[in-house]
Each structure stands twice: as structure tokens, then as C-alpha cells.
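Listed below are the residues making up each chain.
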Amino acid sequence: MKEEQSVLSKYLCPYCSEVFLDRESLKTHVIKQHRSEAPPSPEGMIRVTINGEPYELMVEPEWTLYQLIHDKLGLTGAKMFCDRGACGSCTIIMNGRPILSCMTLAIECDGANIETIEGIAASKHPLIDAYVKHHAMQCGYCTPGFIVTAKALLDENPNPTEEQIREALSGNLCRCGTYPQHAKAILEAAEKLGKGD
Amino acid sequence: MKKFVHFNARTIDEAVPLLRRYGKKARIIAGGTDLLGVMKDEILPEYPEAIVNIKTIQGMDFIDEDEGVLKIGALTRLQDIAESAVVQQNFFALAESARKTGSTHIREMGTIGGNICQDIRCWYYRYPNNRFPCLRKGGGRCYAIEGDNRYHSIFGGSVEGGCYAVHPSDTAPALIALDAKIKTTKRTVKAENFFSVGVSKTTILDDDEFVTEIQIPKPPAGTKSAFMKFARRKSIDFPIVNCAVLLRESDQKVQNVRICLNAVYVKPYRPIAAEQAMIGKKLNEPNAEAAADAAVAQARPLEHNGYIVQIAKTLVKRCILPCSS
Amino acid sequence: MAKKMPGDYERIQTEGMYRIGADVPTIVYREIGKRGVKRIDGYEKASGKALYTRDIQLPGMLYARVLKSPYARAKISRLDTSRAEALDGVRAIIRYDDPEVKGRPLNGSYFGPEWVCPDLAGWALKPVHLVLGDEAWYEGQPLGVAVAADDEETATEALKLIDIEWEQLPFVLDQEEAIKPDAPVLRPGAESNILEDPRTRIEKGDVEKGFQEADKIIEFKAKRRAHLWAGAELPSVVVRWRGDNLEMWVHSQQPYHQKMLLAEWLGIPMNKITVHVPYQGCSFGGRGNPANNSENGMNILASLLSKKTGRPVKFLYDRSETFFGESGDMMVSHFKVGAKNDGTITAVHIKNVFAVYMCTPGIEHLIDNTKIPNLLCESIVADVSIAPAWWCRCEQLPNCFCLTLIFDHVAAELGLDPIEVALRNDGCDGKDTSYLAEYKRQHGFPERDSLRECIEAGKKAIDWDNKWHPPGTKRLPNGKMHGIAFTWDHQWDDVRGTGSAAVMIENDGSVSIIAQHADIGVNPWTTYCQIVADELGVRFDDVNIKPFELDSGFAMMSPDGSCNLVSNGNVVRKAAQKARRMLLELAATKFEDVKPDDLEVKDSMVFVKESPEKKMTIKEIVAKAMPMFDSCVFWTEAPIVAWAWHTQGLWGEALETGRPRLCRQAHFIEIEVDTDTGQIEVTKVVNVNDVGKAISPETVEGQMYGGTYMGLGRALTEELIWDKKTGVLLNRNLLDYKYATMLDVGPIETIIVETGMGHGPYGTTGIGEDTATIIPALLGPAVYNAIGKWIDDFPITPDKVLKALGKA
């Protein structure tokens, strides 16, 4: 078993996955084909962009993206509510998609472009003020998850209907019951974005 | 979560040997929305030792129409399938079933391959720390039979001795109704033959095998399809019952019909009697009603799930009726 | 229940604390009642900057978890923690038989520590009163071992390495089974599973006489199954010792109680405990039971582990562990009602069997706000093998459940409009509305008919006159059956609560409210700033509140019982009035020949009433009024800080308090029932609440629709489900315990009525709990109106609808 493993890891090209019979052939190949490429990441390292900033991070395989962002990097906006992918409070945007960070392994995010609520707020996105104005929060615990999901929606659909908003946000739970206020806030933010404010 | 070894597979040829090596102790991960729940709750008697990520394999995320066959890569996200104009146009039941799966977030992460291969949701099976070591996990009995079975099978148990958990997929019945084929790393099979009633597996996949592609023949002109889902909530929830229908009507008669129910049995359920009841008949309410009755004629509900029979019947009828040309 | 000391009401009345009579406004409202006031907590919450207890991380912090029982009723017969202790990263373990905890109970009750309420210690807790015991009374009960480790995974793993042998004992889940003679007795030494409760029999008048006077007798049964507050933030506490001082970050509605309880248990003085209260991710009462394992127990264990390891400890629960504290309204009830043909109710007899705990007996609102003269309520509380139940938004649930079902059954049986029946029976303590009119007159309240006003507004909004129809008669074009229903109640709570706070004018003229308060989302701080702004005469933007870090000794009334604003409104008002007095006294020295009474404050400016051109900004006035200054170059003046304490009243029935409930509320609902699937769609809800005075209208509306949303969940989808064979709670997660998503809730129209007849400041009453508590039972009459069948078994799920229709 151990030998098999060493065969796999020694003679498999880390750049293009081509398999070689011996170490010399692999070495020749790498020099010839991949000389000008950046060295591949060591195992457990991911290179990600978070809110526009580049990061190089060593992560354990069992860390979820939520743990990485919330516990290790201190970006505490994303919240743990159900911890099983059924509430949307841990939502972040990865490569343009609103996804559940608690159901994503950090080690699988190499190369990802990630946006969190902190980045959205720092960029003064109109959603923030609109949410405050329309009281679209009470205890506030689910609010970042909603805003991130709403931002992903507006990125893809700058003029959503109320129906589209409700469907897009239907995976976000709010126990305090702020639901009627979100569409109002999002429609106002969409209008502001449309005007180029 | 507990520790495990992780591999980001770059090719199928890298993934398969890993699966072979670890055998039952490895799992592949696609969207992760099912697997991570299994692992966080440690529901299995043995925690996976190795996780093989197949999202890093190129060339499995696509929707292509190719000579009358729709081909969808197994890693294609459900949201992309739901939004695809091609799928909505000619394969409506699939677009609709994808659209009704989970929530926006789940659809942005979840893949069609993962959706049809997902594990069952029985609350005894899923109780954390293997609190109920049931038949499916190598134990002696099905706890749902003597327990709360309100969400369990109405058509009896699995063939080998009585697991009554249902298959939870929304896209599976649509694929079966659309007469899809499932292509894996080893073979291509009809969708309805892909699902297994074995006690410990929901599909025919070997431990070192995974789905790579879905192939759906383009239905002839005049064919319509429908999909409906019944759940407690309009988002996030797994189905209590769902139904997909593919139907072609011409000369005021039903020429061809395929019906598939899911979440009513251990695998998706094709009520052949209901299909036969519609062939050659007019597409009207009394006939649809009769077909619906036939669809549930074999039902053997358990103590708490008799209501599912009525709902299944209703969905069959409501999926048939809109399919008129 | 709490025992009042004789003379308590009289005493606080004499000292001027307890006012009976209308609150006549003395100020001009500028911020109070205004829309568009920016939420103080809004930006922090929207931007992700708001910190909750679960987010707190301290250097060197350990993570702690506790073992749970996998069985509904069991004892530990053998416990070996050696493998857990040997695990790398485990830093400390406490076992149930360690000297620090052995045999020691949780102290106190909701009402306070033992030294304050000795007769209530352990109240509502079942025999589960040990901090860390070896006996389980429900599946999932924390017991046995607590572990602190370097990270959460290690703590979790350590618990799995504990070798434990259990002795399983008989359990019982169903309350009606539990009171049968052959049921296993759960409490050691008890003769039966019937629990003591002083409210077991409540009687007014003579129900037999009342039944004889009736034209019709109506009998029916109803059942309310278990549901949960299920808050967003997972419970946790962070604790660290600084020498012999203790510092903690709590997730709690009543942080001050946490301090008291912990001081008593640990044997350290209260002045050595600092409590921080970060933002709270929901509470609803669930983080408002300081006496439970999940709060008091967690704090104690965390403190002990922190002491043992010398490191900060975060004690946490995962989501599956948050399924404690069901609402105390798990009831099976039998009703017998006598009524005259015109809808006058002559007698009501309720028989209840509650599971675990009876938060209220069900008859109290019939006393509080009807003229029904003959009432009898007999309740049995049966111990069953589930977690201790609690008050979860809110304890009035059984009272509202009974009122709605009684009134709507009477209306249906007599073929009357339920609005008629409500208006006919409105009153107080067996007396009709003329008594209330007289009370209003005598005590200076506006003489308005609150119920009628609420009903008129609601009828219009839902188009009642055109939409109401006999039951089971209206099928819509989409094939579904249309249902419409109405209910009502009094508006609570304006008669209790206690708090304290200080108001300080900083020496740049900005104003701080100093007090600790837990924010659970009801937007209270904005409201207090509005009140202070108007009372003090400053601009809203000049007022701020800093409640987290300030364990200042001032503690505002917790967001409980809908009496938070009513109490704290008075507290900050008094403090602001005192501060204003101090400001004017100081200001008078800055003008020539002016006495404090000659001055006025408006928009942060002080001016002479007779000659307003003589003015100064507050900033100028207080420039030298500072708590501390380095140099002695000039004479500094005393800082302007004033504090106030207020008690709004005691818990009790309205009549006992001398303050009958004058404000009412009315709710309407419209549904569509799919008779082929049993699915119920709520197409419209209209809430009308007479809150007396809405200080922050958006906040009031938020509580109205938020509560309705919770009420609909309770009515339709929220249910805790136990496995009968093992007593295991099957749906310990938020996928299987279902509350509504955005797509599941239709339009909710909220209408605020302001009659000014509340007993609170500016005529306010409470609002936080009302709709969540009243809406659940309203689905019963709505379904009856739709399909002509009563399904009085909540939640009303599709299978029950289909069964009622004979389709399942």
C-alpha cells in the first residue's frame, strides 16, 4: 500500500498529471514542458483572493471554508446558524456564485475569488444602506447571509422582480421574521445601482 | 469534522485508482452538500478515510445538444441546468426538477451527478453518531417500521429485507421520465436501471465508479414534459412526493407516456399501470384520474404515511394534464 | 408561580413608583413616534461587523463541550474518561463526581438566585437540577462529563472516547399516558407523574349555573404539539479569570441574572464579575432561562474549566444541542362552553393535560378581557421524558389558544360572525365594557373602544364584509377552498418590569445612556435614544447608548414579556428628566439673572424662554463639566450624570394589579386549502394591534410581522417529533424542524392603532410577543371556514387535512 502511494506521488506530473515510469523521465518532462510555470502549491496550500486581497493559506483538509474565514481569518460576518446547509447564514460568493461556506471544504478552494459581507460593506454597496433604512434586520444574525445572496443576485440580474428576489433568497432563513423587508431593500439598492450611484 | 486524507483529482485516471485503493473507505466529493452533512454528523459506522475531489477534473461541466441527444456533464450545477434555455425548451421536466431542488445556494453548489447519487434522508439513518445502527448500516433492523414513518416508502421496502427509506432526488424522476441514460466511468445504463434497491446502496455504482455524463434523447416534436414537487416548504426541503411525466399527444390521443414518481419508494418508481392506462386514450380529466388511481393501486402504506398515497395520486394527475399538445 | 409578599402593590404605589392612571404627555414629541429614524444597530448588523457571543475569540482560548444522554431515561453505571483525558489537545475534564460539582444543583430560577427567591430555586426545571449529574431525564440532556480542549473538533472527539455504561430506565413520552395508573413514575420518590402547580384549579363564579343559563352547550377537544424557539445563534459563553475576578461574554437575555446566579454558585462577590453582552442572535425567551443547564449550567462549567486550565474557555453547543426548552404549551384540552343564541358566553369549563410544564393555564385572558362570569379551569401537568419546557414568545400561548378556539367554535356553532361574538363578550373580570369605560373616565384615559377600532381597521384591510362566508362553501377558480377567520385578545404587557439606567451629558454636549441591555433584535436602543432626545431636548443624533461593555451596575429591563420598552422607557425618561434638571441648573449660572425654570432646551440648544435670542449650545454650557481633568488652569464643574430606577409593576392578573388591560388587538387571516393534497396556503394576514403609542413605528411593525411569521410556523410546520420507542428527538436540526422560508409566507399587513390607553410611558403597551402567540391557533378556525371541518390539532399538517376530508 505504501509503495503504491509512493509510485503515484513520485512519478505523476504535478502540472499536467501525465504519468511517468521513472523519476528521470518525470524530471526531464517537467524541465522541458513546465520550466516557465510557477511552482505548484505545496499540499494543503490554497491561493485565494478574498475581497480583492490575495492570500496564501495552509489549510487542514477537514476545515470548512466557513471555519477558515470566520475562525482563522476573523471575518466574522458569515454566521453559523444551522451548520448543515439549510439556512444560508454562512453564504459567501465564490467565483460569482452564492455558496454555503459551511458545506465547502477550504482545501478545495484553490484559485477561488471570494467575496464576503465585509468586502461588500467596504465597497459601500447600496444594499447596506438600503437594508438599514428598511429595517431588514432585527437580531441581525442572518443579515450578512441575506445581503451576500442579494448581492450575488444583483450581480447577475440587476433588475430583478419581487418574485425573482423571493426565489433567490428562499434559501435564507430568518427566525425574527424580517422577510417582507428584504425585497423593499433590494429593489431600492437595484435602483441606486441602475442610476450609477 | 474529524480528520481525513484529501485529494484534488485532476483527471479520471487519477481519481479511479484512489477510489480503488481506499475501497469502501473513500468517498468522492462533488458539490459536497450531502457528503459534508454525513461527515459532520458522523452517521456512518465508519468515517471515510479519504475524500477525492472530482470538481478539479476538467471537462465534466457542460450542457451540449449533439445530434438529437442532450449531454450534460455530471459536474454541471443544478442552477445552470435550471436556467439553461436548451433544457427549459425541450426537456422542461428536468429544468423544473433542477429548479425545485433545495435552495439557490444548494443549486449553485450541487451537481446533477451528486443529486442522483445522494444518500437517503431517513431520520433514523441520519441521526448523528450512528445512534440508530440500522439495516442499511449493517445493523439488524429498520427503525422506521416500528417508529415514525411519516416520510417513508408507500410501496414497501427494499427487496433484500426491508429498508423503507425513500430516494430523495428531484432530478432522478425527471431523468427517468425523459428516458435518460447515465454514463459512468465504466458503463452506460438507462436511468431507471441506475437506481438500486439494495439495502446499502442507492445506485448500481461500484466503489471505484462514478457518473461522468447524463445523456437524454431529444423527444419527438409535440412531446411535453411536466414536473411537480410536494414538500412542506417551498424551498430547501426534500420532496415528500414528486412526479415527472413525459407525454406525446397527437390525433387527440396519448401516443406515448412515461411517468415517474419519487420519494415514494426506495428507488424512483415508474407506475407502468398508469402509463398503460393512458396510452391510446384522450388526454382529459377522467382518464388522468384513472391513470392516477392506477399509479397508486399497488401502494402499501405504513402506519403514518397513508396521506402520501393521496398526494402521489394528485401529482400524477396534475402532471399529466398540462402535457396536452 | 411567584408568591407576592402581602402589601407589595400598596407599598410601591405609596412610594410613587407604581402609577395607576393615564400617562399625560408633558413634552412635545419630535423623535417619539417618528418614522425614518435610523436604526442605531443597523449598520453594524448589515456590514457584518456586529459581534455575537459565538464570534468572540480570545488569545489562548479553549473550547468546551459537554456529554449528552443518548437515552430518554438512564443512569450512568460506569464512567471511564481515561481515553478522553489522554487525547492530544484535551486540557481539562470535569466529571460529575468531581468535588467541584458533585451533587451541586443549578441555583435559582428565572426570578433570581436562591438568596433572592429561596422558594423558587430550581423552579420549572424538573429533577434535572444538577449542574453535572449522572442521571438523564430526557434524551440529549447534558450530563456526566465536560471537556475543554484546544479546538472544537478535539473536544468533540474527546466526548466520543468516553467509555460509559448506562442503566436504562422506563420512560414515558405522552402526557395522557403519563397520568394513567400503570405509567412508570419518572421522579424518584414521587407517587405519580402529576406535577404540583398552584394554578391547577382556577374558578370564578359557578359554571354549572352558567351552563343552565345557556341556549347551547358546545364541547370540543384541542391539542397543541411541541414546538421550539429555535433561535439563530448557537448558544455559547466565553469566560476568563483575571486573578479572582471573572469576566464573561454571555448569550443571554438577562445578563444581570447571569451575574447573580454565578456569584452565588461560585461563591464570589458580584462586584468581581464583569459581564459583556454582545449582540444576541435571537432569544425569544430561549436564552432567558438563567436557571437551566444551557445557561446557568454552561456558565458554571465554563468558569470551572477556565479556573482549572488558567485559560479562557468558550463553552458551546452545536445545533443538535439547541433543542432544549420547548414552549410550555404542550397541551391536550377539553372545552365545554355555554352560550346564548346571541353569542353571549355564559360559562367556560376547560380541562387541560399539559406535558412537563404549564406556562399559563389557558383561562387567564377570559378573565383579563371578557365579561364571561363563570369560569373553571382544571389543569394537570404531567411529567414526561422530554427537556424542561419554558416561556417562548410567549407564556401566554395557552391563554390565547383557548380564547381563540372557544370564541371561534361558539361563533361557528351559533352561525354567527365571530366579530359579533367578540364584541358582545368584551369586558374585564366578568364585567362588561361599561366597567372599562368607567375606569378610563376615572383615571384620565382616553375613552376609546379599542376592540371596535381594531376590528374596523382590520375588516377594511381584509375586506371582511365581502369575503366572510359560511364554512366549507367557497371554492376558488383554482380549485382550492377559501377560508377566512378572525380572532382577538387584549394587548399586553404594560404592567411589569424593572430597570435602571443613567444619562450622562459628555462634555462635548453629546449624550450617553449608560446601562447594560441585551439586544435581541427588537431595536430598543434606538427607541431609548428617541425618548432621551425628546425628554432632554437634544437632537436624536446627539444621543447614543453603549450597552455591551458597560457592566456599569445599571441594568435595563431585559427584552422579556413584552414589557421591555414600557419599563425602560420610564427608566430613561426619568433619568433624562433628572439630567435635564441638572443641565438647566448649570445653564442658569451661564446666563445673567436667570433661574433654571426660565430656560428651555430644544435641538441641543438652551435658551431663555422669554427672550429666545439669548441662547447657548449645550456644548458651550458643559464645556467644563467633566469627570476628570488634568490641569488646574480653570475651575471644572461637576459632570452631568443622572440615574434612575423604575419598577413598572409586578407579575399578576390585570385586576390584581389595579390596571385592567384597556388596549386590544384583532387579527384576520385568509387561506386556501388544496383539498387534493392537504396543503394550506396562507394568502393574507392582517394584524391590528393597539399599542397605545408607537414610539418607533417600524420597530412595532417588525414585531408584528415577525411574530406572525413565527405564529404561522407554529400553526403549520413546526413540531418536535420524538421516536416513541426510544424517546429520541428525531428532528434535532433545522432541515427537519421546519420554519418558513421567504416563499412560504404570503403578504402580512400590519396596522398600528394608537389609542393612548396603555399603562406604559406615553400610553404605550407591549408588542413583542402578541402576534407570535395569537396567530397559531387562528389557523384552526381558518381551516374550518375553508373545509367545514375542525382540525384542532396543531400544527395543522397536510395529513391531518386529508384525514379530515376522508382522503387518507
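How each quantity is defined
- Residues numbered from 1 in each chain as written.
- Chains lettered and ligands numbered in written order.
- Predicted model: local features only at pLDDT ≥ 70, side-chain atom pairs only at ≥ 80, totals over all residues.
- Heavy atoms only, no water.
- Helix = DSSP H or I, 4+ residues; strand = E, 2+ residues; numbered from the N terminus.
- Rg over C-alpha atoms; globule rule 2.2 N^0.38 Å.
- Buried < 20%, exposed > 50% of the residue type's maximum accessible area, 1.4 Å probe, protein only.
- Contact = heavy atoms within 4.5 Å.
- Buried area = accessible area lost by both parts, 1.4 Å probe.
- Salt bridge = Lys/Arg side-chain N within 4 Å of Asp/Glu carboxyl O.
- Polar contact = N/O pair within 3.5 Å; in protein donor to acceptor, adjacent residues only side chain to side chain.
- Nonpolar A, V, L, I, M, F, W, Y, C, P; charged D, E, K, R; others polar.
- pLDDT = per-residue confidence, 0-100.
- Axes fitted to C-alpha atoms, helices over the stretch in contact; angles between N-to-C directions.
- Parallel < 35°, antiparallel > 145°, perpendicular 65-115°, else oblique.
- Left-handed = near helix turned anticlockwise from the far one by under 90°.
- Pairing = 2+ DSSP bridges.
- Domains from an automatic or database assignment.

Undergrad: What is the right way to read the overall build of chain B from this model?
TA: Summing up its helical and strand segments, chain B has 13 helices and 11 strands in all. Relative to the globule expectation of 20 Å for 325 residues, the C-alpha radius of gyration of chain B, 19 Å, shows essentially globular dimensions. Counting only C-alpha atoms, chain B reaches 60 × 50 × 30 Å along its principal axes. Counting across all 325 residues of chain B, residues that qualify as buried make up 63%. Put simply, of all contacts in chain B between residues at least 6 apart along the chain, 65% involve residues at least 24 apart.

Undergrad: Would you mind showing me how to read the interface of chain A and chain C here?
TA: A common way to report how large an interface is uses the accessible area buried once the components associate. If you look at the interface, chain A gives 41 residues, while chain C gives 50 residues. On the chain A side of the contact with chain C, His135(A), Gln138(A) and Arg175(A) bury the most area, a combined 22% of that side's loss. Counting the contacts that link chain A with chain C gives 2 salt bridges. Between Lys79(A) and Asp55(C) there is a salt bridge; the shortest N-O distance is 2.7 Å. Our enumeration of links across chain A and chain C arrives at 22 residue pairs in polar contact (both at pLDDT 80 or more). Of all the elements in the fold, those that place two or more residues in the side of chain A that touches chain C are α3 (65–72), α4 (117–122), α5 (126–133), α6 (143–156), α7 (162–168) and α8 (179–194) of chain A. Broken down by class, the residue content of the side of chain A that touches chain C amounts to 21 nonpolar, 13 polar and 7 charged.

Undergrad: Mind showing me how you'd approach the confidence of the model for chain C here?
TA: Interpretation of the predicted coordinates at a detailed level should be avoided for regions scoring low in pLDDT. Scored by pLDDT, chain C comes out at a mean of 93, with 96% of its residues at no less than 70. As scored by the predictor, the complex reaches a pTM of 0.95 and an ipTM of 0.96.

Undergrad: What should I look at first to understand the packing of helix α10 (residues 397–414) of chain C against helix α20 (residues 770–787) of chain C in this one?
TA: Each packed pair of helices is defined by two parameters, the angle between the axes and the distance between the axes. Residues and elements named next belong to chain C. Where α10 meets α20, the closest approach of the two axes is 8 Å, and the angle between their N-to-C directions is 25°. In terms of orientation, α10 lies roughly parallel with respect to α20. Where α10 crosses over α20, the two elements pack in a sense that is right-handed. Between α10 and α20, the contacting residues are Leu-397, Cys-400, Phe-401, Thr-404, Leu-405, Asp-408 and Ala-412 on the first element and Ala-772, Thr-773, Ile-774, Pro-776, Ala-777, Leu-778, Pro-781 and Tyr-784 on the second. In terms of residue class, the contact of α10 with α20 is built from 12 nonpolar, 2 polar and 1 charged.

Undergrad: Even after reading the chapter, I still don't get the interface of chain B and chain A, so can you show me in this structure?
TA: Counting residues at the interface gives 35 residues for chain B and 36 residues for chain A. At the boundary of chain B with chain A, total buried surface from both sides reaches about 3,000 Å², with 53% on carbon and sulfur atoms. If you sort the residues of chain B by the area they bury against chain A, Arg21(B), Lys40(B) and His105(B) come out on top, with a joint share of 23%. Between chain B and chain A we count 8 salt bridges in total. Here Asp41(B) ties to Arg84(A) by a salt bridge, and the two come within 2.5 Å at their closest N and O atoms. Joining chain B to chain A, the criterion identifies 16 residue pairs in polar contact (both at pLDDT 80 or more). Looking at the side of chain B that touches chain A, the elements with two or more residues in it are β1 (5–8), α1 (12–22), α2 (35–41), α3 (78–83) and α6 (104–109) of chain B. It is α6(B) that provides the largest number of residues to the side of chain B that touches chain A, a total of 6 residues.

Undergrad: I keep staring at the sheet that holds strand β1 (residues 45–50) of chain A and nothing clicks. Help me out?
TA: The strands that make up a sheet are held in pairs by hydrogen bonds between backbone atoms, and each pair lies either parallel or antiparallel. Residue and element names in this part refer to chain A. Strands sit in the order β2-β1-β5-β3-β4 across an open sheet of 5 strands; the sheet is mixed. Every other strand in the sheet has two partners, leaving β2 (53–58) and β4 (97–100) as the edge strands with one partner each. Each strand axis lies, on average, 40° off the axis of its neighbour in the sheet, ignoring direction. As judged from the 6 bridges shared by β1 and β2, these two strands associate in the antiparallel manner. Within the sheet, the bridge partner assigned to Met-45 lies in β2 and is Met-58. Contacting β1, β2, β3 (91–94), β4 and β5 (113–115), α3 runs over the sheet at an angle of about 110° to β3. Lying over the sheet, α6 contacts β3, β4 and β5, oriented at roughly 30° with respect to β3.

Undergrad: What is the right way to look at the pattern of salt bridges in this model?
TA: The final tally for this structure, using the stated rule, is 103 salt bridges over all chains. Notably, a salt bridge pairs Lys55(B) with Glu108(A), separated by 2.6 Å at the nearest N-O pair. One end of the pair, Lys55(B), is in the loop between β3 (50–53) and β4 (63–66); the other, Glu108(A), is in the loop between β4 and β5, on a second chain. Given the relative accessible area of 26%, Lys55(B) is considered partly exposed. The buried category is assigned to Glu108(A), whose relative accessible area is 13%. Put simply, Asp197(C) and Arg199(C) hold a salt bridge, and the shortest N to O gap is 3.0 Å. Connected via shared salt-bridge partners are Asp179(B), Lys190(B), Glu192(B), Arg258(B), Arg270(B) and Glu275(B).

Undergrad: What's the story with α1(B) in this structure? I'm lost.
TA: Because the α-helix completes a turn every 3.6 residues, residues three or four places apart line up on one side. Along α1(B), the residues classified as buried are Glu14(B), Ala15(B), Val16(B), Leu18(B), Leu19(B), Arg21(B) and Tyr22(B). Just beyond α1(B), the residue with positive phi is Gly23(B), at close to 60°.

Undergrad: Honestly, the environment of Lys34(C) in this entry has me stumped. Any pointers?
TA: Residue and element names in this part refer to chain C. Its location among the elements puts Lys-34 in the loop between α1 (8–14) and α2 (42–46). Spatially, the C-alpha atom of Lys-34 lies 47 Å from that of Gly-140, the residues being 106 residues apart in sequence. Those residues in contact with Lys-34 that sit more than four places away from it in its chain are Gln-530, Ile-695, Pro-697 and Glu-698.

Undergrad: Just to check I follow, could you spell out the domain arrangement of chain C for this structure?
TA: Residues and elements named next belong to chain C. Looking at chain C, the domain boundaries give domain 1 (1–25 + 426–493 + 654–808), domain 2 (53–169 + 233–281 + 290–323) and domain 3 (496–647). Of note, the centres of domain 2 and domain 3, computed from C-alpha atoms alone, are 39 Å apart. Interface area for domain 2 against domain 3, summed over the two sides, is near 1,200 Å², with a carbon-plus-sulfur share of 50%. Together, Gln-253, Val-277 and Tyr-279 form the three largest contributors to the area buried by domain 2 at its contact with domain 3, with a combined 44%. Where domain 2 packs against domain 3, one counts 1 salt bridge. A salt bridge links Lys-259 to Asp-551; the shortest N-O distance between them is 2.8 Å. Applying the counting rule to domain 2 against domain 3 returns 7 residue pairs in polar contact (both at pLDDT 80 or more). Elements with a minimum of two residues in the side of domain 2 that touches domain 3: α7 (255–266) and β12 (273–276). With 4 residues, β12 is the largest single contributor of residues to the side of domain 2 that touches domain 3. The class makeup of the residues in the side of domain 2 that touches domain 3 is 8 nonpolar, 6 polar and 1 charged.

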